[in-house]
Amino acid sequence: MSLQISTLANGLRVVTEHMPGLKSASIGLWVQAGGRHETSVQNGIAHFLEHMAFKGTARRTSLQIAEAIEDVGGYINAYTSKEMTAYYARCLVADVPLALDVISDIVLNPLFDQKEIETERHVILQEIGQALDTPDDIVFDWLQEVAYPDQPFGRTILGPTERVSAFGQDDLRQFVGQHYGPDQMILSAAGGVDHETILAQATEIFGHLSALGSSVIQPAEFIGGERREVKKLEQVHFAMSFEAPGYRHPDVYTAQVYSMAMGGGMSSRLFQKIREERGLCYSIFAQSGAYEDTGSITLYAGTSKTEIAELTHLTVDEMKRAADDMTEAEVARARAQLKAGLLMGLESPSSRAERNARLLAVWGRVPDVDEAVEKIDSVTTQNVRRFAGELGGAKTALALYGPVAKAPTLEAIRDRLVA
């Protein structure tokens, strides 16, 4: 496999990775314009814009956009995250030029037709309603809000209904004008691709655009807090997070190994103790999330209103115990799971293209996979125990949804954690 990176004069970065033997490819634009780039009055507009990109351009109707890719057996989609909005397609090698033409068309030339805006507004309001009706989705939005209160990083990607209900053509065009410059985009492709061919097409499509300059974003500050929402549900949905390292912190891999050992699979501590031994829940997990300037360790479980206190106490006790008796075998298993997940995922050109774009945005380069594997392997049991012990002093956020009367408070959880 060969990875190549080029930068146009206006700042557009083009990264490709040739994967020998593949007859397909994944190609897309990753725009550094996500939820955290919005002002409070813009909350939800990055996601709204992602939807509107598929609603027609000067050259194609919304149906023609879909048909252009699906007529050749391809697939096109997009997503909005905290730090990026991505527009991407998967297709056969011969159709890569078509895919790039369609993707660049929807990103650079959206019509923002008023009728389509109203239609898609209704679609997004339905999406917000669906999220509100999905307890194990909405509880994470609330957790993010209390972890990062009154900050762009803490707001939901979908945005509140009152904002989404008010966005118009001028709002969409303003956000594009602020954040959709070539110097804020990364064109990434992987699979049976040729770098020079893609670079030539990218130069033709994007080369005439002017750079906008780097966006100024508010640094994320984990504050923490508690939100309890009472609703008549079968279960209490429990989500808790702790401040953890961002991408640039040397402990980021330690955090990943810790979360995997604690709740990353069926052999993890929380799964074995709380589900397998006690039968207190069906779903329980821990995960590590890292961004450019912040990160978190998040735990989730769903249980009955009569067992939420016991589940919470056991979870805290397992976290405390990990600082003293996390074993070499547990750490080795967690390292193996992380490496296998990374390496197996990168057999997909879509995963390769996304990884390359994301790392190029963070580091200005794409570290070799072997470098990531080496850093995972360097995490020791002592590192993980130290990290587990430090969580006792970390800022904490708690979100609870359902029949929460018997759920311990954040203060009680903190007291038990440090006792």
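As the structure is a computational prediction, the values presented were derived from the model and not from experiment.

A. Here's a closer look at the nonpolar core. Of all hydrophobic cores here, the largest spans 49 residues; its most connected members are Ile27, Tyr87, Tyr180 and Phe206. The greatest single-element share of this core, amounting to 7 residues, is contributed by helix 3 (residues 96-108). Within the second largest apolar cluster, 45 residues are counted, among which are Leu299, Ala334, Ile376 and Val404.

B. Representation of empty space enclosed by the protein within the structure. Scanning the model with the defined rule gives 2 cavities of 30 Å³ or more in all. The computed volume of the largest cavity comes to approximately 40 Å³. As for the largest cavity, its lining consists of Met260, Ala261, Gly265, Ser267, Ser268, Glu330, Arg333, Ala334 and Gln337. Counting residues per element, the ones that place at least two in the lining of the largest cavity are helix 9 (252-263) and helix 12 (328-345). The element contributing the most residues to the lining of the largest cavity is helix 12, with 4 residues. Along the lines of polarity and charge, the residues of the lining of the largest cavity split into 3 nonpolar, 4 polar and 2 charged. In this model, the second largest cavity occupies a volume close to 30 Å³.

C. Structural detail: the packing of aromatic side chains. Enumeration according to the criterion identifies 10 aromatic pairs in this entry. Taking 4.7 Å as the distance between ring centres and 85° as the angle between the ring planes, the aromatic pair formed by Trp142 and Tyr401 counts as edge-to-face. One end of the pair, Trp142, is in helix 5 (residues 135-147); the other, Tyr401, is in strand 11 (residues 396-402), with 259 residues separating them in the sequence. Across this residue pair, the class does not change: Trp142 and Tyr401 are buried. Seen in terms of ring centroids, Phe285 and Tyr300 are 5.4 Å apart; in terms of plane orientation they differ by 35°. Their pairing is tilted. Of the two residues, Phe285 is situated in strand 9 (residues 284-290) and Tyr300 in strand 10 (residues 295-303); the sequence distance between them amounts to 15 residues. Directly above the ring of Trp363 sits Arg248, whose terminal nitrogen or CZ lies 5.4 Å from the centroid.

D. A look at the sheet that holds strand 2 (residues 13-18). Overall, mixed pairing links the 6 strands, which are arranged 1-2-6-3-5-4 in an open sheet. Both edges of this open sheet fall to strand 1 (2-7) and strand 4 (75-80), since each of them pairs with a single strand only. Direction aside, neighbouring strands of the sheet carry axes that sit 15° apart on average. Relative to the sheet, helix 8 (residues 195-206) contacts strand 1, strand 2, strand 3 (24-31) and strand 6 (185-191), its axis offset from that of strand 2 by approximately 155°.

E. Structural view of the sheet that holds strand 9. The strand order across the open sheet built from 5 strands is 7-11-8-10-9, with neighbouring strands paired in mixed fashion. Of all strands in the sheet, those bounded by a partner on one side alone are strand 7 (225-230) and strand 9. With strand direction ignored, the average angle separating the axes of adjacent strands in the sheet is 10°. Here 6 bridges tie strand 8 (residues 236-244) to strand 11, and the two strands are oriented antiparallel to one another. Residue Met240 lies in a different strand from strand 11, and its bridge partner there is Leu398.

F. The environment of Ile274, seen in detail. Turning to its location among the elements, Ile274 is positioned in helix 10 (residues 269-277). Exposure remark for Ile274: the relative accessible area of 0% places this residue in the buried category. Beyond its immediate sequence surroundings of up to four residues, Ile274 is in contact with Gly279, Leu280, Cys281, Ile284, Leu311, Leu314 and Thr315.

G. Layout of the packing of helix 10 against helix 11 (residues 308-325). Packing of helix 10 against helix 11 leaves a shortest axis separation of 10 Å and a crossing angle of 145°. In this structure, helix 10 meets helix 11 at a crossing whose hand is right-handed. Mapping the contact onto sequence places Arg269, Leu270, Lys273 and Ile274 in helix 10 and Leu311, Leu314, Thr315, Glu318, Arg321, Ala322 and Asp325 in helix 11. In terms of residue class, the contact of helix 10 with helix 11 is built from 5 nonpolar, 1 polar and 5 charged.

About the cut-offs
Residues numbered from 1 in each chain as written. Predicted model: local features only at pLDDT ≥ 70, side-chain atom pairs only at ≥ 80, totals over all residues. Heavy atoms only, no water. Core = buried A, V, L, I, M, F, W, Y, C linked by side-chain atoms within 4.5 Å. Buried < 20%, exposed > 50% of the residue type's maximum accessible area, 1.4 Å probe, protein only. Helix = DSSP H or I, 4+ residues; strand = E, 2+ residues; numbered from the N terminus. 1 Å grid on protein atoms, 1.4 Å probe; cavity = no way out; pocket = protein on both sides within 12 Å on 5 of 7 lines; lining within 4 Å. Points joined across faces, edges and corners; volume = space filled by probe spheres on them. Nonpolar A, V, L, I, M, F, W, Y, C, P; charged D, E, K, R; others polar. Phe/Tyr/Trp six-rings, centres within 6.5 Å; stacked < 30°, edge-to-face > 60°. Lys NZ or Arg CZ within 6 Å of the ring centre and 35° of its normal. Pairing = 2+ DSSP bridges. Axes fitted to C-alpha atoms, helices over the stretch in contact; angles between N-to-C directions. Contact = heavy atoms within 4.5 Å. Left-handed = near helix turned anticlockwise from the far one by under 90°.

Without other data, these values stay purely geometric and don't point to any function.
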